[in-house]
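Below, each chain spelled out in residue letters.
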Amino acid sequence: MSFSFAQEDDEIWQKLLKVDWEYKYSEEFEMDIPFPLFTNEVKALDNSEIVIKGFVLPVETEDNSIMLSVYPFSSCFFCGGAGPESVVAIFLKNHREIKEEEVTFKGTLHLNDEETGLIYELKDAVEFNSNY
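Residues numbered from 1 in each chain as written. Predicted model: local features only at pLDDT ≥ 70, side-chain atom pairs only at ≥ 80, totals over all residues. Heavy atoms only, no water.

A. How the structure looks around the overall build of the protein. Assigned secondary structure in the protein consists of two helices and seven strands. Traced from its N-terminal end to its C-terminal end, the protein shows the element sequence α-β-β-α-β-β-β-β-β. By residue count, 40% of the 132 residues in the protein fall in the buried class. Accessible area for the protein stands at about 7800 Å²; split by element, carbon and sulfur atoms hold 44% of it. (Helix = DSSP H or I, 4+ residues; strand = E, 2+ residues; numbered from the N terminus. Buried < 20%, exposed > 50% of the residue type's maximum accessible area, 1.4 Å probe, protein only. Areas by Shrake-Rupley, 256 points an atom, 1.4 Å probe, with all protein chains shown as cover.)

Structure (structure tokens):
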């Protein structure tokens, strides 16, 4: 299991932001939708424990995940011009309310190339340097 220390947050985001896309037909959505083409560098992070810092987005999710962006809310995927590669779904090990703030999480990164969900998911996440 590889590990990225907090001071390498920018390096993690720089890797995650490098994604190409290919459009494929989706039976579920009955249209062409983008699917991620992960770089080898990103594929090497799959199922690895990482530390990542970002901005919590005030977005409600159906799966109780928290949305973390490399960019503040005003510039994020939903409000600004950023793409889906700039957001990670955070699944907390011990769920608690986290407000719109800048936070660092540690967890296991999973790449998602399915038709639904964010392309990056951090599972069993805990707030880094926290008692939660």
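Don't stop here, the text continues.
B. Layout of the side chain of Ser 26. With respect to the helices, strands and loops of the structure, Ser 26 is situated in strand E1 (residues 19-26). At 3.0 Å, the side chain of Ser 26 and the backbone nitrogen of Phe 29 are in polar contact. Among all residues touching Ser 26, those that are not within four sequence positions of it are Met 31, Ile 33 and Glu 115. (Polar contact = N/O pair within 3.5 Å; in protein donor to acceptor, adjacent residues only side chain to side chain. Contact = heavy atoms within 4.5 Å.)

C. Layout of the nonpolar core. Counting residues in each nonpolar core, the largest one holds 24 residues, and the members touching the most others are Leu 16, Ile 52, Ile 90, Tyr 120 and Leu 122. If you list the elements that add at least two residues to this core, you get helix H1 (9-16), strand E3 (49-57), strand E4 (66-69), strand E5 (87-92), strand E6 (102-111) and strand E7 (120-127). The element best represented in this core is E6, accounting for four residues. When neighbours within four sequence positions are excluded, Ile 90 is seen to be in contact with Ser 65, Ile 66, Leu 68, Phe 105, Leu 122 and Ala 125. Leu 57, Met 67, Val 87 and Ala 89 belong to the second-largest nonpolar core, a separate cluster that totals six residues. (Core = buried A, V, L, I, M, F, W, Y, C linked by side-chain atoms within 4.5 Å.)

D. Here's a closer look at unusual backbone geometry. Residues other than glycine seldom take positive phi values, yet Asn 47 does so here, at roughly 65°. Relative to the elements of secondary structure, Asn 47 occurs in the loop between helix H2 (40-43) and E3. Owing to a relative accessible area of 43%, Asn 47 belongs among the partly exposed residues under this scheme. Phi is positive for Asn 64, which is not a glycine, with a value near 65°. One can find Asn 64 in the loop between E3 and E4.

E. Layout of the pattern of salt bridges. Counted by the stated rule, this structure contains two salt bridges. A salt bridge links Lys 24 to Glu 22; its shortest N-O distance comes to 3.6 Å. Given the relative accessible area of 39%, Lys 24 is considered partly exposed. Residues Lys 123 and Glu 121 are paired through a salt bridge, measuring 3.6 Å at the closest nitrogen-oxygen approach. Residue classification places Lys 123 among the partly exposed positions, given a relative accessible area of 29%. Residue class for Glu 121 comes out buried when judged on its relative accessible area of 15%. (Salt bridge = Lys/Arg side-chain N within 4 Å of Asp/Glu carboxyl O.)

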